[in-house]
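Understanding the architecture of this molecule
One-letter residues, chain by chain:
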Amino acid sequence: VVHPPVSWNSDGTLKVDDTGHVAYDESLGLRTVNAVSPVITAKQTLGSIIMFGLIYSLLFVVWVVVLNHKIQVGPEAPGDHRVVMGPHTYLDTAARRQDHSGSLTGLQRETESRDES
Amino acid sequence: MSHDTLCITWFFLLGVLLTGYAILDGFDLGVGILHPFVPRSDLDRRVLINSIGPLWDGNEVWLVTFGGAMFAMFPEAYATLFSGFYTAFMALLFCLILRAVSMEFRGKFGGRVWHRFWDGAFFLGSVGVPMLFGVAAGTIMLGVPLDERGNYAGSLAEQITPYSLLVGVMTVALFTMHGSIFLYLKTEGPLQKRVHKYVWRTFGLFLVLYLLTTMFTLVQVPAAVENFRVVPWLWIVPVLNVLAIANIPRAIYQGRPAYAFISSCASIAAFVFLFSAALFPNMVRAADGTSQSLTIYLASSSPTTLKIGLLFVLVGMPCVLAYTFVVYWTFRGKVQIGEHSY
């Protein structure tokens with residue numbers, strides 16, 4: 001169990017020195033040098049750093065390429081939207097609901113005739 | 001609750017998390033292994049990928065919670081295993097990342113080389129994960145060399161033995177079969193017919209490896225059956241496992257894929273149970289006997305930590321189960337390819 005490197009009085013308060021500051025005792029803490037896993041070698045750590053370095057470099061390159069592709073292609077033109085979405089616009093969907101079938105200002109007939117053409 | 005009861009409860013909960021992970025990620029790893037072989041067209045391939053598309057990342061969360069729970073509740077065992085198996089663990093992360101990246105990037109461009117590359121990466125990642133898990137499980141079953149502080153005292157080469165490799169290959173076969181049954185459930189038409197052939201092939205392969213591993217375990221790993229001698233009713237689990245495995249060809253023959261899938265889920269749960277029962281009460285068994293072994297009582301956190309953890313389980317588990325249910329309910333039935341599919 002790791003505690004901060006401070007010591008307590010018997011009544012549970014922190015020990016302070018003459019100037020009123022909390023007294024630190026280095027020997028009570030866990031130093032970074034003692035906190036590393038003793039069985040992992042420097043080679044293994046380097047290996048994992050290289051592995052993650054390669055993966056994230058690759059991801060960065062792919063990210064730039066994909067982003068560039070998206071920018072080059074650009075968004076769909078507003079006019080195209082209805083054609084691309086076909087029968088999936090909100091009104092069409094509403095018209096296709098079974099309980100409203102054919103009842104919403106004849107939209108469904110329009111959609112069908114457009115689908116055929 | 002006493003400290004011992006809390007430790008046993010947490011050991012059981014870790015088993016539940018591992019079972020959840022193995023069952024859920026098991027089938028999507030299996031689909032990853034099968035995906036270069038089963039499809040004839042690019043559309044088939046997309047059906048395969050989309051069968052696991054909305055599910056695989058949720059499935060892998062079970063592994064994260066397993067790691068997190070082990071870190072919080074059994075920190076000594078976590079420290080020993082994750083530093084002792086560091087190289088294997090990095091390889092595992094590499095495979096898991098490779099899989100995720102492959103699924104996301106495959107569909108970004110249309111080129112043939114691009115597709116082939118990510119298909120290959122997806123396959124390699126999918127084979128690597130169960131192989132590494134199996135090898136690690138085999139090594140842990142055999143026992144690992146530990147020093148007096150409970151640190152791993154062996155070399156990397158000692159983690160790869162004929163037995164651990166056999167367990168690794170069996171795990172790959174188990175998940176491939178599990179994945180093929182899942183695909184049989186999720187596909188239709190000519191693709192399902194082709195999947196059907198693979199169900200039989202992968203079942204045959206798994207059966208051979210299962211028998212080999214069982215014999216090898218009984219002969220070579222006497223410690224694995226120690227608990228079964230003390231508590232004979234534990235034998236009911238391997239018997240149920242055999243019944244579950246035997247039920248798979250029966251259900252497939254009857255054309256009931258859901259029944260077969262439940263059977264293979266039960267079989268995976270039985271494997272995790274057998275693994276845990278063979279280890280108990282150890283988290284990490286020392287190779288030279290029991291003197292240095294990290295038991296669940298030695299490796300655990302303080303009783304307060306274990307209790308607070310149980311509160312989190314009480315709140316978190318219903319959320320996880322509800323989420324899992326909603327996702328699987330939403331994507332129930334056969335795979336449909338749409339505008340936003342992979």
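Here, the structure is the one placed above.
As a starting point, this report considers the structure included with it. Source: prediction; values computed, not measured.

Notes on the overall build of chain B
Check the secondary structure of chain B and you find 13 helices and two strands. Seen along its three principal axes, the alpha-carbon backbone of chain B occupies a region of about 60 × 40 × 35 Å. Residues counted as buried form 53% of the 342 residues belonging to chain B. A fraction of 79% describes how many contacts in chain B between residues 6 or more apart in sequence connect residues 24 or more apart. When the accessible area of chain B is evaluated, it comes to approximately 15800 Å², of which 72% is carbon and sulfur surface. When the 21 basic and 17 acidic side-chain charges of chain B are each reduced to a single mean position, those positions are 15 Å apart.

Details of the overall build of chain A
When you go through chain A residue by residue, the secondary structure sums to five helices and zero strands. Along chain A, helices and strands appear, N-terminal first, in the series α-α-α-α-α. Taken over 117 residues, chain A has a buried fraction of 12%. The long-range share in chain A, meaning contacts at least 24 apart out of those at least 6 apart in sequence, stands at 15%. Surface summary for chain A: the accessible area is close to 9600 Å², and the carbon and sulfur share equals 61%.

Some words on the nonpolar core
In terms of nonpolar packing, the biggest core is built from 85 residues, with Trp 10, Phe 74, Phe 206, Met 283 and Val 284 of chain B touching the most fellow members. Counting residues in each nonpolar core, the second largest holds eight residues, with Val 66 of chain A together with Phe 109, Trp 118 and Ala 121 of chain B among its members.

What to know about the packing of helix 1 (residues 3-34) of chain B against helix 13 (residues 303-330) of chain B
Residue and element names in this part refer to chain B. For the pair helix 1 and helix 13, the least separation of the axes is 11 Å and the interaxial angle reads 25 degrees. The angle between the axes of helix 1 and helix 13 places the two elements in the roughly parallel class. Crossing handedness for the pair helix 1 and helix 13: left-handed. Across the interface between the two elements, His 3, Leu 6, Cys 7, Thr 9, Trp 10, Leu 13, Leu 17, Leu 24 and Phe 27 from helix 1 touch Pro 303, Leu 306, Lys 307, Gly 309, Leu 310, Val 313, Met 317 and Tyr 328 from helix 13. Considering only residue class, the contact of helix 1 with helix 13 consists of 13 nonpolar, three polar and one charged.

Focus on the pattern of salt bridges
It is possible for side chains bearing opposite charge to pair when their charged atoms get close. All names here are of chain B. Evaluation of the coordinates by the stated rule reveals seven salt bridges over all chains. Residue Asp 28 is joined to Arg 99 by a salt bridge in which the shortest nitrogen-to-oxygen separation is 2.6 Å. Of this pair, Asp 28 sits in helix 1 while Arg 99 sits in helix 5 (residues 86-106), and the two are 71 residues apart along the sequence. For the residue pair Asp 28 and Arg 99, the accessibility class agrees, reading buried in each case. Close ionic contact of Arg 229 with Glu 226 constitutes a salt bridge, the shortest N to O distance being 3.5 Å.

A few points about the environment of Leu 243 of chain B
Topologically, Leu 243 of chain B is positioned in helix 10 (residues 236-253). Placed 23 residues apart in sequence, Leu 243 of chain B and Ala 266 of chain B show a C-alpha to C-alpha distance of 9.7 Å.

Focus: the environment of Thr 304 of chain B
On the secondary structure map, Thr 304 of chain B appears in helix 13. In sequence terms Thr 304 of chain B and Tyr 78 of chain B are 226 residues apart; their C-alpha atoms lie 19 Å from each other.

Brief notes about the environment of Ile 181 of chain B
Residue and element names in this part refer to chain B. Among the secondary structure elements, Ile 181 is positioned in helix 7 (residues 162-186). For the pair Ile 181 and Ser 264, spaced 83 residues apart in the sequence, the C-alpha separation amounts to 8.2 Å. Contacts of Ile 181, omitting those with residues within four sequence positions, involve Val 199, Ile 248, Pro 257, Ala 260, Phe 261 and Ser 264.

Details of the interface of chain A and chain B
Accessible area lost on assembly of the parts is the figure often given for the size of an interface. Taken together, the 16 residues of chain A in the interface contact 16 residues of chain B. At the boundary of chain A with chain B, total buried surface from both sides reaches about 1500 Å², with 82% on carbon and sulfur atoms. Here chain A is connected to chain B by two residue pairs in polar contact (both at pLDDT 80 or more). Split by residue class, the side of chain A that touches chain B holds eleven nonpolar, five polar and no charged.

Quick word on the packing of aromatic side chains
Counted according to the given criterion, the structure contains 22 aromatic pairs over all chains. Geometrically, the ring pair formed by Phe 60 of chain A and Trp 63 of chain A is tilted, given 6.0 Å between the ring centres and 35 degrees between the ring planes. Here Phe 60 of chain A and its partner Trp 63 of chain A are both found in helix 2 (residues 42-73), three residues apart, which amounts to about one turn of the helix. Where Phe 325 of chain B meets Trp 329 of chain B, the ring centres are 6.2 Å apart and the plane angle is 15 degrees; that geometry is what we call stacked. Taken together, the positions of Phe 325 of chain B and Trp 329 of chain B, both in helix 13 and four residues apart, correspond to about one turn of that helix. For Phe 325 of chain B, a relative accessible area of 57% gives the class exposed. Among the aromatic side chains, those forming a connected cluster through ring pairs are Phe 27, Phe 182, Phe 261 and Tyr 328 of chain B. The ring of Tyr 198 of chain B has Arg 201 of chain B lying over it, and the distance from NZ or CZ to the ring centre is 4.8 Å. In this structure, Arg 332 of chain B packs its charged tip against the face of Trp 329 of chain B, placed 4.1 Å from the ring centre.

Parameters and conventions
- Residues numbered from 1 in each chain as written.
- Chains lettered and ligands numbered in written order.
- Predicted model: local features only at pLDDT ≥ 70, side-chain atom pairs only at ≥ 80, totals over all residues.
- Heavy atoms only, no water.
- Helix = DSSP H or I, 4+ residues; strand = E, 2+ residues; numbered from the N terminus.
- Buried < 20%, exposed > 50% of the residue type's maximum accessible area, 1.4 Å probe, protein only.
- Contact = heavy atoms within 4.5 Å.
- Areas by Shrake-Rupley, 256 points an atom, 1.4 Å probe, with all protein chains shown as cover.
- Lys, Arg positive; Asp, Glu negative; His and termini not counted.
- Charge placed at Lys NZ, Arg CZ, Asp CG, Glu CD.
- Core = buried A, V, L, I, M, F, W, Y, C linked by side-chain atoms within 4.5 Å.
- Axes fitted to C-alpha atoms, helices over the stretch in contact; angles between N-to-C directions.
- Parallel < 35°, antiparallel > 145°, perpendicular 65-115°, else oblique.
- Left-handed = near helix turned anticlockwise from the far one by under 90°.
- Nonpolar A, V, L, I, M, F, W, Y, C, P; charged D, E, K, R; others polar.
- Salt bridge = Lys/Arg side-chain N within 4 Å of Asp/Glu carboxyl O.
- Buried area = accessible area lost by both parts, 1.4 Å probe.
- Polar contact = N/O pair within 3.5 Å; in protein donor to acceptor, adjacent residues only side chain to side chain.
- Phe/Tyr/Trp six-rings, centres within 6.5 Å; stacked < 30°, edge-to-face > 60°.
- Lys NZ or Arg CZ within 6 Å of the ring centre and 35° of its normal.

In short, shape yes, function no, at least from these values alone.
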